[in-house]
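What follows is the residue order along each chain.
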Amino acid sequence: MARINEHYRKLAAGYLFPEIGRRVTAFAQAHPDAGIIRLGIGDVTEPLVPAVVEAMRRAVDEMGTREGFRGYAPDQGYDFLLDAIIAGDYAPRGVQVAPGEIFVSDGSKQDSGNVQEIFGADCRVAVADPVYPVYVDTNVMAGRTGAVDERGYYGGILYLPATEANGFVPDPPAERADVAYLCFPNNPTGAVATHDQLARWVAWARAHDAVLIFDAAYDAYVQDPSLPRSIYEVEGARQCAIEMRSYSKRAGFTGVRCAYTVVPKDVTGVTAAGERVALHALWARRMSTKFNGVPYVIQRAAEAVHSPEGRKQTGEQVAFYMENARLLREGLGAAGFRVFGGVHAPYIWIRVPEGATSWGFFDDLLAKAHVVGTPGAGFGPAGEGFLRLSAFNSRANVEEALARIRRAFGR
Ligand SMILES: *Cc1c(COP(=O)(O)O)cnc(C)c1O
């Protein structure tokens, strides 16, 4: 008899996006001419930049020749990409990362979901609330939590509310936790953490012998050069933090698939017997056992993101999305909404009108403006009362969505 992993049954009914999909499909069937504009799911919309496309083409051609053909990629990634990452992402910020500490992968969703495997089953996990659902759900699947309660909280997880009062950047908890997930710039709130705020987290982790999982999927969206893009810009983070970066949002790779995780050799955990073990060794073992590398063509495409033309072209793409974000933020503000985020992130986090719920306003927005958002409550109980809009769309769609929202809801 194949007993199932019953922890899966603890997962709260349905993932957020399928439920949104059901409601949008039902509305579209009833109103085929509504011209629905989707500002819901966080997927990019602009095509790959020319520097990336050219690099992929060249790599495809190489693969078709006897001399240029490659089989399995090196375990952690090709040296050309590891070197480009260090030269492009870390050296200019004064951060010390060695090539052997970088693990190239096919996505930060996988990495942020898989990283929990290297921690003990009894580790206490801390997350922000609201949060990217992957961090929570993968710990539920692994059996690191109890059941979900009627408000949507899983037993055993330490939730840290991200609220208007704390600027959507929670402080480290007074209580103990062993592993804490941080994501800045944040999905879904669009908040960004300052150097001081990250320094408090690093100090907390070192004082409690905890590990920080820092998801920097949106680092390219940070506009102010004085804000940190990497947790390693904070002194002491090499001793306590794992960092994840992705080409998905910075270069339109959501369908191409390339990301990387940095596990400094200084980050350790402990065995039951009290022995200190480098997490790097565990992650290396995990990756070599369960992963066979990112395709050569894709790693060449990622390398091209770091080239001078690639940096310029992807920078223009990010600037395009950020102009959408500015239009949304200012337009919705002018229409009377309380808006957050959208300055260093492609997400606008808006307070729903007085008396409405997240899902109620989602339905209203769809019915009256034919615009799809994402209900804040879908990211955690503290997201109730908010709705997320994404800046990933054409300029025309953003302008049309804004015009409709102002017509339907403007004061
Ligand atoms: C989009 C996103 C990622 C990136 O995931 P990929 O698997 O690399 O596409 C990671 N974390 C967060 C919070 C995201 O929103």
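Please refer to the structure higher up on the page.
A short tour of the structure in this document, coming up. Within each chain, residues carry numbers counting from 1 in the order of the written sequence. Side-chain atom pairs in this predicted model are given and counted only at pLDDT of 80 or more, local residue features only at pLDDT of at least 70, and totals for whole chains, interfaces and linings cover all residues. Water and hydrogen atoms play no part in the side-chain values, which are based on all heavy atoms of the structure.

### Side note on empty space enclosed by the protein
Line of reasoning, step 1. Both cavities and pockets are sets of points on a 1 Å grid over the protein atoms alone; in a cavity a 1.4 Å probe fits but cannot get out, in a pocket the set is open with protein on both sides within 12 Å along at least five of seven lines, and lining residues sit with an atom within 4 Å of a point. Grid points are joined across faces, edges and corners, and a volume is the space filled by probe spheres set on the points. In the structure shown here, the tally under the stated rule is 1 cavity of 30 Å³ or more.
Line of reasoning, step 2. Ala128, Leu182, Cys183, Phe184 and Asn186 are the residues nearest the centre of the largest cavity, which is lined by 14 residues in total.
Line of reasoning, step 3. Helix and strand labels come from DSSP, where a helix needs a run of H or I of at least four residues and a strand needs a run of E of at least two; each type is numbered from the N terminus. Among the elements that line the lining of the largest cavity, the one with the most residues is strand S5 (residues 179-183), at 3 residues.
Line of reasoning, step 4. Taken together, the residues of the lining of the largest cavity break down into 12 nonpolar, 2 polar and no charged. Only Asp, Glu, Lys and Arg are considered charged in this grouping, and only Ala, Val, Leu, Ile, Met, Phe, Trp, Tyr, Cys and Pro are considered nonpolar; every other residue, Gly among them, is considered polar.

### Here's the deal with the site of the ligand
Line of reasoning, step 1. Only a single heavy atom is needed: when it lies within 4 Å of a molecule or strand, its residue is near that molecule or strand. Taken together, 15 residues lie near the ligand, and Asp215, Tyr218, Ser248, Lys249 and Arg257 sit nearest.
Line of reasoning, step 2. Two N or O atoms form a polar contact when they lie within 3.5 Å of each other; inside protein one atom must be a possible hydrogen donor and the other a possible acceptor, and for residues adjacent in sequence the pair counts only when both atoms belong to side chains. In this structure, an oxygen atom belonging to the ligand sits 2.7 Å away from a main-chain N or O atom of Ser108.
Line of reasoning, step 3. Note that accessible areas follow from Shrake-Rupley with a 1.4 Å probe, and for residues the cover is restricted to the protein chains shown. Within the complex, the protein chains bury 93% of what would otherwise be the 390 Å² of accessible surface of the ligand.
Line of reasoning, step 4. One can see that the ligand is located within the second largest pocket. Cavities and pockets are treated as containing a molecule whenever more than half of the molecule's atoms lie within 2 Å of their grid points.

### A look at the nonpolar core
For soluble globular proteins, nonpolar side chains are generally found buried alongside one another.
Line of reasoning, step 1. Here, nonpolar core refers to any group of buried Ala, Val, Leu, Ile, Met, Phe, Trp, Tyr and Cys residues whose side-chain atoms link them within 4.5 Å. The buried label goes to any residue with under 20% of its type's maximum accessible area, the exposed label to any with over 50%, and the partly exposed label to all in between, with areas taken from a 1.4 Å probe on protein chains only. Within the largest apolar cluster, 131 residues are counted, with the highest numbers of intra-cluster contacts made by Leu212 and Phe253.
Line of reasoning, step 2. When we break this core down by domain, the ones giving at least three residues each are domain 1 (6-47 + 310-409) and domain 2 (52-306).
Line of reasoning, step 3. Any pair of residues with heavy atoms lying within 4.5 Å of one another is described as a contacting pair. When sequence neighbours within four positions are dropped, the list of residues in contact with Phe253 reads Leu48, Val52, Tyr247, Ser248, Cys258, Ile298, Ala301, Ala302 and Val305. Domain ranges listed in this record stem from an automatic or a database domain assignment.

### Section: the layout of surface pockets
Line of reasoning, step 1. Computed from the structure, the second largest pocket encloses a volume of approximately 490 Å³.
Line of reasoning, step 2. Taken together, 23 residues line the second largest pocket, and the ones lying closest to its centre are Gly42, Lys109, Tyr132, Lys249 and Thr254.
Line of reasoning, step 3. At the level of elements, helix H4 (108-114) and helix H7 (248-251) are the ones that each hand at least two residues to the lining of the second largest pocket.
Line of reasoning, step 4. Broken down by element, the lining of the second largest pocket gets its largest block of residues, 3 residues, from H4.
Line of reasoning, step 5. Across the lining of the second largest pocket, the residue classes break down as 10 nonpolar, 7 polar and 6 charged.

### Re the sheet that holds strand S2 (residues 102-105)
Line of reasoning, step 1. In this description, strands pair whenever DSSP reports at least two bridges between them. What the 7 strands build is an open sheet, ordered S2-S8-S7-S6-S5-S3-S4; its pairing is mixed. The sheet terminates laterally at S2 and strand S4 (158-161), the two strands that pair on one side only. Here the strands of the sheet are splayed against their neighbours by 20 degrees on average, with no regard to which way each runs.
Line of reasoning, step 2. Pairing of S5 with strand S6 (residues 211-215) involves 5 bridges; the strand directions are parallel. Residue pairing for S6: Cys183 is matched across the bridge by Asp215. Angles run from 0 to 180 degrees between N-to-C directions of axes, and those axes are lines fitted to C-alpha atoms, restricted for helices to the stretch in contact.

### Considerations on the packing of aromatic side chains
Line of reasoning, step 1. Geometry of aromatic contacts follows a simple scheme: Phe, Tyr and Trp rings, the Trp one being its six-membered ring, pair when their centres are within 6.5 Å, and the pair is stacked under 30 degrees between planes, edge-to-face over 60, tilted otherwise. Taken as a whole, this structure holds 26 aromatic pairs when the rule is applied.
Line of reasoning, step 2. With a centroid separation of 6.3 Å and an interplanar angle of 55 degrees, the aromatic rings of Tyr247 and Tyr260 are classed as tilted. Taken as a pair, Tyr247 in the loop between strand S7 (241-246) and H7 and Tyr260 in strand S8 (residues 259-262) lie far apart in primary sequence, 13 residues in all. Each member of the pair, Tyr247 together with Tyr260, is buried.
Line of reasoning, step 3. Ring geometry for Phe361 and Phe409: centres 5.3 Å apart, planes at 65 degrees, overall edge-to-face. Of this pair, Phe361 sits in helix H11 (residues 358-369) while Phe409 sits in helix H12 (residues 395-409), placing them 48 residues apart in sequence.
Line of reasoning, step 4. A relative accessible area of 2% places Phe361 in the buried class.
Line of reasoning, step 5. Put simply, the rings of Tyr218, Tyr221, Phe320, Tyr321, Tyr347 and Phe392 pair up and form one aromatic cluster.

### Describing H12
Line of reasoning, step 1. An ideal rise of 1.5 Å per residue puts 21 Å on 15 residues; H12 measures up with 21 Å between its terminal C-alpha atoms.
Line of reasoning, step 2. Listed as buried for H12 are Val398, Ala401, Leu402, Arg404, Ile405 and Phe409. Buried residues of H12, seen end-on, are gathered within an arc of 170 degrees and therefore sit on one face of the element. Pointing more than 90 degrees away from the buried face of H12 are the exposed residues Ala396 and Arg407.
Line of reasoning, step 3. Along its buried surface, H12 packs onto strand S1 (37-38), helix H10 (308-334), H11, strand S13 (371-372) and strand S15 (386-390). A helix is expected to span 1.5 Å multiplied by its residue count minus one. The arc in question is the one traced by the directions running from the helix axis out to the C-beta atoms.

### Quick look at the sheet that holds strand S11 (residues 339-341)
Line of reasoning, step 1. Here 4 strands make up an open sheet; going across it, the order is S11-S12-S15-S14 and the pairing antiparallel. The sheet terminates laterally at S11 and strand S14 (374-375), the two strands that pair on one side only.
Line of reasoning, step 2. Relative to S15, S14 runs antiparallel, the two being bridged by 2 bridges. In the sheet register, Thr374 faces S15, and the bridge partner there is Arg388.

### Details of H11
Line of reasoning, step 1. Here H11 contains 12 residues, and its C-alpha end-to-end distance of 16 Å stays within 8% of the 16 Å for a straight helix at 1.5 Å per residue.
Line of reasoning, step 2. When H11 is considered as a whole, its buried residues turn out to be Ser358, Phe361, Phe362, Leu365, Leu366 and Ala369. One side of H11 holds all its buried residues, which, seen down the axis, span an arc of 140 degrees.
Line of reasoning, step 3. As for H11, its buried residues are in contact with helix H1 (16-30), strand S12 (347-351), S13, S14, S15 and H12.

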